[in-house]
Amino acid sequence: MKRGNFIASLIAIFSAPSIAWNNVKKVFSRSEKGFKIPAGEGRIHGHIQLKGVNANMLDVEISGSDTNGDLAIFEQTSLSQGKGTPLHIHPLQDEIFYVIDGSYIFKVGEDKYDLKTGDSIVLPRKVPHAWTQVSEKGKMLVILQPAGKLENFFVTMSGLDHVPAQEEITKIFNENEMQVVGPGLKVD
């Protein structure tokens, strides 16, 4: 074995346990204190007002930073009747929506679903999906597991000083571990 390959092998062997230990440490180093999220408040960023895809407002309920990236929960106040998301993929996250109020249509793979108050839907990772708000107003809980970069996506979209063109929206999706693969849904 060449010296360079031997040294690289040793580094790989001895660094793998330290990488694994760091992941174990993260799980056990979580705070043992709970915290309350008051109704109607955005914990970390205040109310996040989106621009571009729709003009909805997001509140971070549970941040990925609270769970070492394992989970994120957002409350979305829907203010954009007839608008939603483009067809997109989360390659690394499963996404769950719970409709608190209002009605929406979802496309998951080739299937379409009508959701109303009290309904939930699971969007598996790697499956193209989109949704559109049908009712005048609405509210949903959005749950991601693992957290991924959706929180950063929301913060980025709200921080824009302009309404982004589709090319910029696609770029921001890509920078946040999502891929736009088609247009949004139209309300029939």
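Our subject is the structure listed above.
Everything numeric here is computed off the predicted structure, so don't read it as measured data.

On to the overall build of the chain. In terms of helices and strands, the chain carries three helices and eleven strands. Along the chain, helices and strands appear, N-terminal first, in the series α-β-β-β-β-β-β-β-β-β-β-α-α-β. Here the chain, with 188 residues, has 37% of them falling under the buried criterion. Here the chain has roughly 10,800 Å² of accessible surface; of this, 58% comes from carbon and sulfur atoms.

Let us look at the sheet that holds strand β8 (residues 120–123). One open sheet holds the six strands; their spatial order is β1-β2-β3-β10-β5-β8, and the pairing between them is antiparallel. Because the sheet does not close on itself, it has two edges, and the strands there are β1 (48–49) and β8. In the sheet, strand β5 (residues 94–101) pairs with β8 via four bridges, with the strands oriented antiparallel. Within β8, the residue paired with Tyr98 across the bridge is Ser120.

Mapped onto the elements, Glu151 comes out in helix α2 (residues 150–159). No salt bridge is formed by the buried Glu151; its nearest oppositely charged neighbour, Arg43, is found at 7.6 Å. One polar contact links Glu151 to His45, side chain to side chain, over a distance of 2.7 Å. Discounting chain neighbours no more than four positions away, the residues touching Glu151 are Ile44, His45, Val60, Ser63, Gly64 and Phe74.

Here we take up helix α3 (residues 166–175). Of all the residues in α3, the buried ones are Ile169, Ile172 and Phe173. Across the axial projection of α3, the buried residues extend over an arc of 105 degrees, all falling on one side. With respect to the buried face of α3, the exposed residues turned more than 90 degrees away are Glu167 and Lys171. In this structure, the buried side of α3 is in contact with β4 (87–89), α2 and β11 (179–182).

A word on α2. Residues of α2 that are buried include every one of Leu150, Glu151, Phe153, Phe154 and Met157, and no others. Within α2, the buried residues cover an arc of 160 degrees as seen down the axis, which keeps them to one side.

So, on to the environment of Gly184. Its place among the elements puts Gly184 in the segment after β11. Residue class for Gly184 comes out partly exposed when judged on its relative accessible area of 35%.

Okay, the environment of Asp119 next. For Asp119, the location among the structural elements is in the loop between β7 (111–116) and β8. Look at Asp119 and you get partly exposed, because its relative accessible area is 33%. On a C-alpha basis, the gap between Asp119 and Asp101 in space is 9.4 Å, while along the polypeptide they are 18 residues apart. With residues near it in sequence (within four places) discarded, Asp119 still touches Phe97, Tyr98, Val99 and Asp114.

A separate point is the packing of aromatic side chains. Across all of its chains, the model carries seven aromatic pairs by this definition. Consider the rings of Phe74 and Phe154, whose centres lie 5.1 Å apart with planes at 90 degrees: the pair is edge-to-face. With Phe74 in strand β3 (residues 72–78) and Phe154 in helix α2, the pair connects residues that are 80 residues apart, well separated along the chain. Its relative accessible area of 0% is what places Phe74 among the buried residues. These aromatic residues form a ring-pair network of at least three members: Phe74, Phe153, Phe154 and Phe173.

Summed over all chains, the structure comprises four salt bridges. In this structure, the salt-bridge partner of Asp66 is Arg43, at a minimum N-O distance of 2.5 Å. Here Asp66 is found in the loop between β2 (57–62) and β3, whereas its partner Arg43 is found in the loop between α1 (3–28) and β1, with 23 residues between them in sequence. Its salt-bridge partner being Asp94, residue Arg125 comes within 3.0 Å of it at the nearest N-O pair. In this pair, Arg125 is assigned in the loop between β8 and β9 (129–133) and Asp94 in strand β5, connecting sequence segments 31 residues apart. The partly exposed category is assigned to Arg125, whose relative accessible area is 30%. A relative accessible area of 24% means that Asp94 is categorised as partly exposed.

Cut-offs applied
Residues numbered from 1 in each chain as written. Predicted model: local features only at pLDDT ≥ 70, side-chain atom pairs only at ≥ 80, totals over all residues. Heavy atoms only, no water. Helix = DSSP H or I, 4+ residues; strand = E, 2+ residues; numbered from the N terminus. Buried < 20%, exposed > 50% of the residue type's maximum accessible area, 1.4 Å probe, protein only. Areas by Shrake-Rupley, 256 points an atom, 1.4 Å probe, with all protein chains shown as cover. Pairing = 2+ DSSP bridges. Lys, Arg positive; Asp, Glu negative; His and termini not counted. Salt bridge = Lys/Arg side-chain N within 4 Å of Asp/Glu carboxyl O. Polar contact = N/O pair within 3.5 Å; in protein donor to acceptor, adjacent residues only side chain to side chain. Contact = heavy atoms within 4.5 Å. Arc of directions from axis to C-beta. Phe/Tyr/Trp six-rings, centres within 6.5 Å; stacked < 30°, edge-to-face > 60°.

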